[in-house]
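Fold and geometry: a report
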Amino acid sequence: MIKRFFDWLKQPLGLIAVGIVFLALFSIAAYGLYTTQQSPEQPIQFPHKTHVAFGIQCLYCHPGASKGPSAGLPSQAKCWACHNQIQKTQTSALLAPLKDAVLSGQSIEWVPVAIVPDFVQFNHRAHIAAGKNCEDCHGDVSQMNIAENPQVMNMGWCLNCHVESAGEDQEKLVKLTDCGTCHY
Amino acid sequence: MATLNDLKISEVKLSEGEGGKWGMVIDQDICTGCQACVAACAMENNISFVGEEDSGYGRSMHWIRIERFWEGEYPEVKMTPNQPMLCQQCGSAPCEPVCPAFATVHSQAEKLNLQVYNRCVGTRYCANNCPYQVRSFNWRDYKRPEPLANQLNPDVTVRRRGVMEKCTFCIQRIHKAQDQAKAEGREVMDGEFTTACAQACPANAITFGRTDDPRSLVSQLAKRRGHGAKHLEELGTLPNVTYFKGG
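Sequence order sets the numbering: in each chain, residues are counted from 1 along the sequence as written. Each chain gets a letter, beginning with A, and each ligand a number, beginning with 1, in the order they are written. Restriction of local features to residues with pLDDT of at least 70 applies here, the model being predicted, together with a cutoff of 80 or more for giving and counting side-chain atom pairs; totals for whole chains, interfaces and linings are based on all residues. Each side-chain value is derived from all of the structure's non-hydrogen atoms; neither hydrogens nor water enter the calculation.

Structural notes on unusual backbone geometry
Trans is the prevailing form of peptide bonds, just as negative phi is the prevailing case for residues other than glycine. Residues and elements named next belong to chain B. Following Y74, the chain continues into P75 via a peptide bond in cis, with omega recorded as 0 degrees. A run of H or I in DSSP counts as a helix once it spans at least four residues, and a run of E counts as a strand once it spans at least two, with each numbered from the N terminus. On the secondary structure map, P75 appears in the loop between β3 (70–71) and β4 (78–79). Phi angles above zero are rare outside glycine, and F102 is one such case at about 55 degrees. Structurally, F102 can be placed in the loop between β5 (83–86) and β6 (104–106). Relative accessible area decides the class of each residue, using a 1.4 Å probe on protein chains only: under 20% of the type maximum gives buried, over 50% gives exposed, and in between gives partly exposed. Judged by its relative accessible area of 62%, F102 falls in the exposed class. Its identity as a non-glycine residue notwithstanding, L238 has a phi of 50 degrees, on the positive side. One can find L238 in the loop between α7 (217–225) and β11 (241–244). Assessed through its relative accessible area of 39%, L238 is described here as partly exposed.

Description of the sheet that holds strand β1 (residues 22–27) of chain B
Residue and element names in this part refer to chain B. Here a strand pair is declared whenever DSSP counts at least two bridges between the two strands. The strand order β10-β1-β11 describes an open sheet built from three strands, whose pairing is mixed. Unpaired on one side and paired on the other, β10 (206–210) and β11 mark the two borders of the sheet. The sheet shows a mean angle of 20 degrees between the axes of neighbouring strands, taken without regard to direction. Looking at chain direction, β1 and β10 are connected through five bridges and run antiparallel. Residue pairing across strands places M24 opposite F208, the latter belonging to β10. Here α7 sits on the sheet in contact with β1, β10 and β11, set at roughly 120 degrees to β10. Fitted lines through C-alpha atoms serve as axes, helices being fitted only where they are in contact, and the angles separating the N-to-C directions of these axes extend from 0 to 180 degrees. When checking whether two residues touch, look at their non-hydrogen atoms; a contact exists if any pair is within 4.5 Å.

Scope: geometric values only; no functional claims are made or implied.
Put into structure tokens, the structure is as follows:
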């Protein structure tokens, strides 16, 4: 039975079948990889590019970054302070979900893109205080139309910069590479 | 040739001891055994409720427990003072060298025993080698019925099944206080923060702080009371918790 199957595989038709199966598997894998590299859909297509170009500071919308662990996302009240007075808010389809959210009072469920797993404790404040810029870790957000995460935020990425930042300072190196600094 | 038997215990350097940084003083004379520390610890550190059945198998997961012992023969039994038992954050910890995955390591920065949950593969060697029996294992993914999930502490990892865990001396509070102090450009002050168990103790039987600073309250208490005991010190574990009783 198995031998007959292998004999059949060696025929031209069998070879083509093997080729098709291989191609199908390969494209499924490639598509799977591709989707992991895509930015997720957001409830509102919020364009950073437009807003940062107006000169709005990152910290106006993400004020937690200089104060604590989490940068925070703005609530619709902050958006509405401007958009309430902007003509386009009434007409733009892109802004309809914002209007709905304000009217219904329901919060907007943004999909996180810059995220580390639960077992990692990250702290924005320490980094901003040490003089790091948002761009060092998030890429050039001011050019993004929909939030994306150009870096792979894995442990090697954190540690590379930590080792580099510590330089010759032995005490700092110990602190910044200690498992207990990030995992607890 | 000298064999291991020729060496006296005192000559055998089992592993390099670490000086302590954070330490605790527990006064057993004023501990009433009320279990407030046990509850506070469970809330602070997202400890699972294992339920009646698993608890019966000895799988309860408290990071701190109140031990009670009895002395004498019936009817002359006398209870010894309550003894809160938690990870002693040994300077030379028996749990560390036996971990095949290097998941329990010594923090050089904070001088604590760390349990890196994501590194842990659940061999349970560390728990078997702990003379204080203070490590607990997640035998299951225990359920948190709906409203309970809302009280999880975001600063502490929620552990999964198959992972060992133990008292961390509330390292999340240590980091928070250090971060706060750094933001304000100063050093962490003694008594500025404390662990959940010490905070909850109505009798103030637990004191937490820097043992490497002679001016801190823990160091002062240890000096004033003088005759504190460290449990199983003779094993060379260099524990960082000091117990007082009968004084």
